[in-house]
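These are the residues of each chain, in order.
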Amino acid sequence: MSVATGAAGMRAAESVWPQLEQLLPQVSKPIQYVGGELGAVVKDWDAATVRWALMYPDAYEVGLPNQGVQILYEVLNEFPDVLAERTYAVWPDLEKLMRAHGVPQFTLEAHRPVGAFDVFGVSFATELGYTNLLTAIDLAGIPLIAAERTDADPVVVAGGHAAFNPEPIADFIDAAVLGDGEEAVLEITEIVRQWKLEGCPGGRDELLLRLARTESVYVPRFYDVDYLPDGRIQRVVPNRADVPFRVHKRTTMDLDAWPYPKKPIVPLAETVHERYAVEIFRGCTRGCRFCQAGMITRPVRERSITTVGQMVRDGLEYSGFHEVGLLSLSSADHSEIGDICSGLAQQYEGTNVSLSLPSTRVDAFNIELAQELSRNGRRTGLTFAPEGGSERIRKVINKMVSEEDLIRTVVTAYTNGWRQVKLYFMCGLPTETDDDVLQIARMAHEVIKAGRAATGSKDIRCTVSIGGFVPKPHTPFQWASMERPEVIDNRLKLLKQAINSDKSLGRAIGFRYHDGEPSLIEGLLSRGDRRVGAVIRRVWEQGGRFDGWSEHFSYQRWVEAAAEVLPQFGVDLDWFTTRERDELEVLPWDHLDSGLDKDWLWQDWQDALSEYEQDDCRWTPCFDCGVCPSMDTQIQIGPTGKKLLPLTPVNPGLRAPARA
Amino acid sequence: MQRIRIRYAKRGPLRFTSHRDFARAFERALRRAGVPIAFSQGFTPHPKISYASAAPTGVASEAEYLEIGLQATVDPGQLRAALDAALSPGLDVLDAVEAAGGSLADRIEASHWRIELPQVESDVLRAAVKAFEAAPEVLVERLTKQGRRTFDARAAVARIDVVEAAEPSTAAADAPSDERPSGVPAAPCAILDLVVRQVTPSVRPDDVLAGLRVVADLEPPVPPRATRLAQGTLTPQGEIVDPLEADRPEAPIGER
Ligand code: B12
Ligand code: SF4
């Protein structure tokens, strides 16, 4: 914090490029560490009052496409006295060199040391980034343990979906923000700004206190966790008078007022998604019981067709991308998705711009959309997510799809020229038996049979892709027990045999799966409490990095660390994962308010067990999940009745875009 | 179809872009700048771009060349400015001329390189260069896609000299290196000046440095920094001629 520490702080913000430059020829894909992308903003350090380093704690190729970081980056940099730069996880080859040469974690824009910033904001879409958080904090020269930090260290703030239960990383972060970040980062900025302008009264403690008093920034150190003799939590209570008992999530209403990203960052390095992505809505009330994202982002807030059209137009012109992604949790559910797709397809007909829509809904409408989207020639794969193999298990998870619907939809796809469809499933769901999973094989066989009959061709395929179920906080399954990895792996083996039991059909079916072990660790991290922090630290010390990558993830390391660390608390890995919780147990995140009423969640869990389905509140009456009244929000959906007009080329001929 | 030939540079930090990275950025720049690029026929049409050269990742260049085909005629000067503005600073479009025929690739016979070796004394480098020049053949190894290959790095070298570094001004040496003009390194820093003929397998700056290691145990303590200064046809006098010269309207007819 340069203002607080004067000249010393200024020096600390000097570019590390001269040292870094000498390391880059020795690492793989050096371009990912260089910055210089279109859309990147380099600002004068001294002219800024509040300085943010934003991180997606995974490799650049995965982190860059994340919208969350890009949005917050742009929102922050629009203020003249605010500076935001980005940093991503460095691969072990560079980490080793950085340690050997004393080069700290740096930002891409101006290669400044992360330790020199005021706020270090880290975005967690998944818990698998926790070990990378520790690497970054440590490489930055920031004490790992938040309590040991001084006024000169940045305030480490976690955000993103995993921040809805930040307890496992409570020791390492100073604060967490639940929910949408657009307004939250501005509020935090204003508090830091004021505090610095006042001369940093009361130091770090006072700053954190001011953040905590907003009731929407969670500062773990201001809360004590008491445990019962059997290891369960007794209660979580504030340890000082002036912080709230519960911390509430943030909800950005009216997405049309926040049309970001306007100037997306265009990577030079290759990344997993090279496209202009626009969120067409936030939230989802389909009510799939395993889906944390759907539960914690309620209610549904649509961006209007007009704003989507404008954003696509500006975003493409700015970036030069030729692919558009229409993002959301269930894009086909936008009230005007048909008009959006046909409007955009028409506007970009004859250009090489292609549209994509992460489609998961199983109905014929999706195929109409897909056809609209492939007007420009490119035919992207079709993906459907029935998630469960048997009708029964689909009722448990509230995925309201019948097998007839699925088969009809897939056959329509085949008859419309698609040769390949992907089907997504989960394994290890609550109440699941071997038979539920074996039904997947039967379903896949039916799909191929029906497809062959309808097309008269043997040249059709489907891929069954199956992932492990992980119970998540703030979902009806937060009480559920996880299945042991051996059981999962055995079910997957049986499934594979069943698929191949018919040679002819089996040949047309691809099978992709993740084995059970990584899911168990994800389960530990997602429903863990503060005691799990010691496991994360131990794994990290033993070399754990990039846990989202199978080639880096080591189950053994996690199991050993858990066995070393947890017994002192009277609990173990199983206690956190395969144990079912009961209604009255205090969950580690009960003091963190996602708006969902815990009684409603429990009722929905009971409904799941009795295979009772829950409708969607967009087209049936409100079912009182609790979010809207407690967060003072409401559903915002169309239709607006507006249409996208054909684009008239404004200025054909060359243009020299302003250099960003 | 109008064909335009372009010279571009890869400078400073952006010298770490690989050829594929540049190609993606260039295609996006064509769209940003509204260039009426022509597409190949076929099921998946590709923009008509052909690259005459690709400096290795991590190597800077002042002279890379490519050719594009257009559906509509544009002014090369305006095209240069528009494309330059559409690319990140550090990927700079330096020149654009309308193709007058012939093949660009055929005009690339040799490259002129400058290699800075920080923390190496000029005398040490001079001795190594002498040994290199004296050797009839310098076998070096490189890992290629086909596996490990051994080849001669000596024969393709048309000229190899150690140049005296201009006395670096203190101000420039203290500035962060990306602001420092690339010709002014912090001392001590030996500088190698190299002309290498285009052969197969191509001999790159790395290979010559490997050769210096072979003949004289020269181990630079920090990674050297190479820049391609020019490439083109090689005159009998050892000069390199910009391959775009022959396309310029004012060029003497005989050279077209
Ligand atoms: C694009 C995408 C990817 C891409 C790119 C990476 C990425 N995460 O963006 C790829 C394909 C690589 C990917 C991979 C994975 N993904 Co993904 N992905 C998405 C997707 C479709 C969009 C993400 C996005 O940009 N969202 C929009 C932005 C605006 O939302 P946001 O990031 O949450 O940010 C907002 C807030 O959270 C907050 N915020 C975020 N960060 C911060 C930080 C601070 C400091 C603050 C204050 C606030 C804040 O502010 C933002 C603006 O309001 C989402 C679904 C969705 N619609 O969100 C899934 C999603 C995030 N992915 C998910 C998962 C599970 C994964 C994988 C683990 C899958 C796997 N098993 O491999 C991997 C993990 C990747 C990794 N190692 O990080 C889940 C997360 C589950 C959950 N907890 O809810 C989601 C929600 C999909 C789902 N429906 O289940 N993913
Ligand atoms: S409170 Fe009612 S309307 Fe709002 S998200 Fe929940 S069920 Fe839907």
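Residues numbered from 1 in each chain as written. Chains lettered and ligands numbered in written order. Predicted model: local features only at pLDDT ≥ 70, side-chain atom pairs only at ≥ 80, totals over all residues. Heavy atoms only, no water.

Named according to an unreviewed UniProt entry, chain B is Radical SAM-linked protein originating from Micromonospora pattaloongensis.

Under an unreviewed UniProt entry, the name given to chain A is Radical SAM family uncharacterized protein, and the organism recorded is Micromonospora pattaloongensis.

(A) Local environment of the overall build of chain A. If you tally the helices and strands in chain A, you get 24 helices and 19 strands. On C-alpha atoms alone, chain A measures out to a radius of gyration of 25 Å, which is about the 26 Å that the 2.2 N^0.38 rule sets for 660 residues. Once the C-alpha set of chain A is aligned to its principal axes, its extents read approximately 75 × 75 × 55 Å. Buried residues in chain A amount to 61% of all 660 residues. In chain A, once contacts between residues fewer than 6 apart in sequence are set aside, the share between residues at least 24 apart is 77%. Accessible area of chain A: about 24,200 Å², with a carbon and sulfur share of 51%. For chain A, the separation between the mean place of its 70 positive charges and that of its 94 negative charges on side chains is 4 Å. (Helix = DSSP H or I, 4+ residues; strand = E, 2+ residues; numbered from the N terminus. Rg over C-alpha atoms; globule rule 2.2 N^0.38 Å. Buried < 20%, exposed > 50% of the residue type's maximum accessible area, 1.4 Å probe, protein only. Contact = heavy atoms within 4.5 Å. Areas by Shrake-Rupley, 256 points an atom, 1.4 Å probe, with all protein chains shown as cover. Lys, Arg positive; Asp, Glu negative; His and termini not counted. Charge placed at Lys NZ, Arg CZ, Asp CG, Glu CD.)

(B) Spotlight on helix H17 (residues 485-499) of chain A. Residue and element names in this part refer to chain A. Look at H17: 21 Å from first C-alpha to last across 15 residues, which is about the 21 Å you get at 1.5 Å a residue. Taken as a whole, H17 has its buried residues at Pro485, Ile488, Arg491, Leu492, Leu495 and Ile499. Projection of H17 onto a plane perpendicular to its axis shows the buried side chains occupying an angular sector of 125°, all on one side. (Expected span 1.5 Å × (residues − 1). Arc of directions from axis to C-beta.)

(C) Broad picture of the site of ligand 1. Residues and elements named next belong to chain A. Taken together, 33 residues sit near ligand 1, with Tyr56, Asp58, Ser123, Glu182 and Gln292 positioned nearest. Between ligand 1 and Gly160, the relevant distance is 3.5 Å, taken from a nitrogen atom to a main-chain nitrogen or oxygen of the residue. Breaking the shell around ligand 1 down by element, the ones donating at least two residues are helix H5 (67-77), strand S3 (119-123), strand S4 (155-159), helix H8 (182-197) and helix H10 (292-296). The dominant element in the shell around ligand 1, judged by the number of residues it contributes, is H5, at 4 residues. In terms of residue class, the shell around ligand 1 is built from 13 nonpolar, 14 polar and 6 charged. Here the shell around ligand 1 spans two domains, and each of domain 1 (8-248) and domain 2 (275-380 + 614-660) adds at least three residues to it. (Near = heavy atom within 4 Å. Polar contact = N/O pair within 3.5 Å; in protein donor to acceptor, adjacent residues only side chain to side chain. Nonpolar A, V, L, I, M, F, W, Y, C, P; charged D, E, K, R; others polar. Domains from an automatic or database assignment.)

(D) Highlighting the sheet that holds strand S18 (residues 509-513) of chain A. Residue and element names in this part refer to chain A. On the basis of which strands lie adjacent, the open sheet formed by 4 strands has the order S15-S16-S17-S18 and parallel pairing. Two strands bound the open sheet, and with one partner strand each, they are strand S15 (382-387) and S18. Strand-to-strand, the axes of this sheet are offset by a mean angle of 20°, without reference to chain direction. Here strand S17 (residues 461-468) pairs with S18 via 5 bridges, running parallel. (Pairing = 2+ DSSP bridges. Axes fitted to C-alpha atoms, helices over the stretch in contact; angles between N-to-C directions.)

(E) How the structure looks around the nonpolar core. Counting residues in each nonpolar core, the largest one holds 175 residues, and the members touching the most others are Trp52(A), Phe120(A), Ile6(B), Phe26(B), Ile68(B) and Leu83(B). Discounting residues that sit within four places of it in the chain, Leu83(B) has contacts with Ile6(B), Phe26(B), Ala29(B), Leu30(B), Ala33(B), Val35(B) and Val93(B). Among the nonpolar cores identified, the runner-up in size contains 36 residues, and Val410(A), Val437(A), Ile460(A) and Leu495(A) belong to it. (Core = buried A, V, L, I, M, F, W, Y, C linked by side-chain atoms within 4.5 Å.)

(F) Geometry of the interface of chain A and chain B. With 34 residues of chain A at the contact, the number on the chain B side is 36 residues. Between chain A and chain B, roughly 3,000 Å² of surface is buried when both sides are summed, and carbon and sulfur atoms account for 56% of that area. Taking the shortest distance from any N to any O, the salt bridge between Arg24(B) and Glu274(A) comes out at 3.6 Å. The interface formed by chain A and chain B includes 12 residue pairs in polar contact (both at pLDDT 80 or more). Among the elements of the structure, helix H3 (17-23) and helix H11 (305-319) of chain A are those that each provide at least two residues to the side of chain A that touches chain B. When residues in the side of chain A that touches chain B are grouped by element, the largest group, 4 residues, is from H3(A). When its residues are assigned to classes, the side of chain A that touches chain B shows 18 nonpolar, 9 polar and 7 charged. (Buried area = accessible area lost by both parts, 1.4 Å probe. Salt bridge = Lys/Arg side-chain N within 4 Å of Asp/Glu carboxyl O.)

(G) A look at empty space enclosed by the protein. Scanning all chains against the criterion turns up 8 cavities of 30 Å³ or more. Residue lining of the largest cavity: Leu38(A), Val266(A), Pro267(A), Leu268(A), Ala25(B), Arg28(B), Ala29(B), Arg32(B), Ala86(B), Leu87(B) and Ser88(B), and that is the complete set. It is helix H1 (residues 19-32) of chain B that contributes the most residues to the lining of the largest cavity, 4 residues altogether. A breakdown of the residues in the lining of the largest cavity according to their chemical character gives 8 nonpolar, 1 polar and 2 charged. (1 Å grid on protein atoms, 1.4 Å probe; cavity = no way out; pocket = protein on both sides within 12 Å on 5 of 7 lines; lining within 4 Å. Points joined across faces, edges and corners; volume = space filled by probe spheres on them.)

(H) Structural detail: the domain arrangement of chain B. Residues and elements named next belong to chain B. As assigned here, chain B comprises domain 1 (2-106) and domain 2 (108-241). Placing the centre of domain 1 and that of domain 2 at their C-alpha centroids yields a distance of 26 Å. Viewed at the interface, domain 2 and domain 1 are joined by 1 salt bridge. Our count for the contact surface shared by domain 1 and domain 2 stands at 8 residue pairs in polar contact (both at pLDDT 80 or more). Ranked by residues supplied to the side of domain 1 that touches domain 2, first place goes to strand S3 (residues 60-70) with 6 residues. When grouped by side-chain class, the residues that make up the side of domain 1 that touches domain 2 number 11 nonpolar, 2 polar and 5 charged.

(I) Spotlight on the confidence of the model for chain A. Taken as a whole, chain A shows an average pLDDT of 94; of its residues, 96% reach a score of 70 or greater. Residue range residues 1-11 of chain A is modelled with pLDDT below 50. Its contacts to residues more than four positions away, or to other chains, number 17 contacts. (pLDDT = per-residue confidence, 0-100.)

(J) Quick peek at the domain arrangement of chain A. Residue and element names in this part refer to chain A. You can read the domains of chain A as domain 1 (8-248) and domain 2 (275-380 + 614-660). Placing a centre on the C-alpha atoms of domain 1 and another on those of domain 2 gives a separation of 30 Å. The interface of domain 1 with domain 2 comprises 10 residues on the first partner and 12 residues on the second. Of all residues in domain 1, the largest losses of buried area upon contact with domain 2 belong to Gln67, His161 and Asp180, amounting jointly to 47% of the total for that side. Summed over the shared surface of domain 1 and domain 2, the result is 3 salt bridges. For Asp180, the salt bridge identified is with Arg301, shortest N-O distance 2.7 Å. Partitioning the side of domain 1 that touches domain 2 into residue classes produces 4 nonpolar, 4 polar and 2 charged.

(K) Summary view of the sheet that holds strand S14 (residues 354-356) of chain A. Residue and element names in this part refer to chain A. Strand order in the open sheet formed by 3 strands is S10-S13-S14, with parallel pairing between adjacent strands. Every interior strand has two partners, whereas the edge strands, strand S10 (276-279) and S14, have only one. Neighbouring strand axes in the sheet, compared pairwise and without regard to direction, differ in orientation by 20° on average. Inspection of the sheet shows S10 paired to strand S13 (residues 323-327) by 4 bridges, in the parallel sense.

(L) Region of the structure containing the pairing of strand S4 (residues 91-98) of chain B. Residues and elements named next belong to chain B. Most of S4 sits inside the fold, with 6 of its 8 residues counted as buried. As paired elements, strand S1 (residues 2-10) and S4 share 7 bridges and run antiparallel to each other. Counted as the bridge partner of Ile6 is Ala96 from S4.

(M) Representation of a negative patch on the surface in the model. Residues and elements named next belong to chain A. On the surface, a cluster of negative charge is contributed by Glu580, Asp582, Glu583, Asp597, Asp599 and Asp624. As for its placement among the helices and strands, Asp597 is situated in the loop between strand S19 (592-593) and helix H23 (598-609). Given a relative accessible area of 36%, Asp597 falls into the partly exposed group. (Patch = residues over 30% accessible without salt bridge, like charges linked within 9 Å, V, L, I, M, F, W, Y side chains within 5 Å.)

(N) Focus on the packing of aromatic side chains. All names here are of chain A. One pass over the structure, following the stated rule, counts 18 aromatic pairs over all chains. Summarising the aromatic geometry, the rings of Phe124 and Tyr130 are spaced 5.2 Å apart at their centres and angled 70° between planes, so their arrangement reads as edge-to-face. Pair check on accessibility: Phe124 and Tyr130 agree, each one buried. Arranged with centres 5.7 Å apart and planes meeting at 75°, the rings of Phe477 and Trp605 form a pair that is edge-to-face. In this pair, Phe477 is assigned in the loop between S17 and H17 and Trp605 in helix H23, connecting sequence segments 128 residues apart. (Phe/Tyr/Trp six-rings, centres within 6.5 Å; stacked < 30°, edge-to-face > 60°.)

(O) Quick peek at H5(A). Residue and element names in this part refer to chain A. The element H5 is largely enclosed, with a buried count of 10 among its 11 residues. Listing the buried residues of H5 in full gives Gln67, Val69, Gln70, Ile71, Leu72, Tyr73, Glu74, Val75, Leu76 and Asn77. The N-cap residue of H5 is Asn66: its side-chain oxygen and the backbone nitrogen of Gly68 are 3.0 Å apart.

(P) The side chain of Asn77(A), seen in detail. Residue and element names in this part refer to chain A. By the secondary structure assignment, Asn77 is in helix H5. Residue Asn77 is classed as buried on the basis of its relative accessible area of 11%. Leaving out residues up to four positions away in the same chain, Asn77 has contacts with Val41, Lys43, Val82, Leu83 and Ala84.

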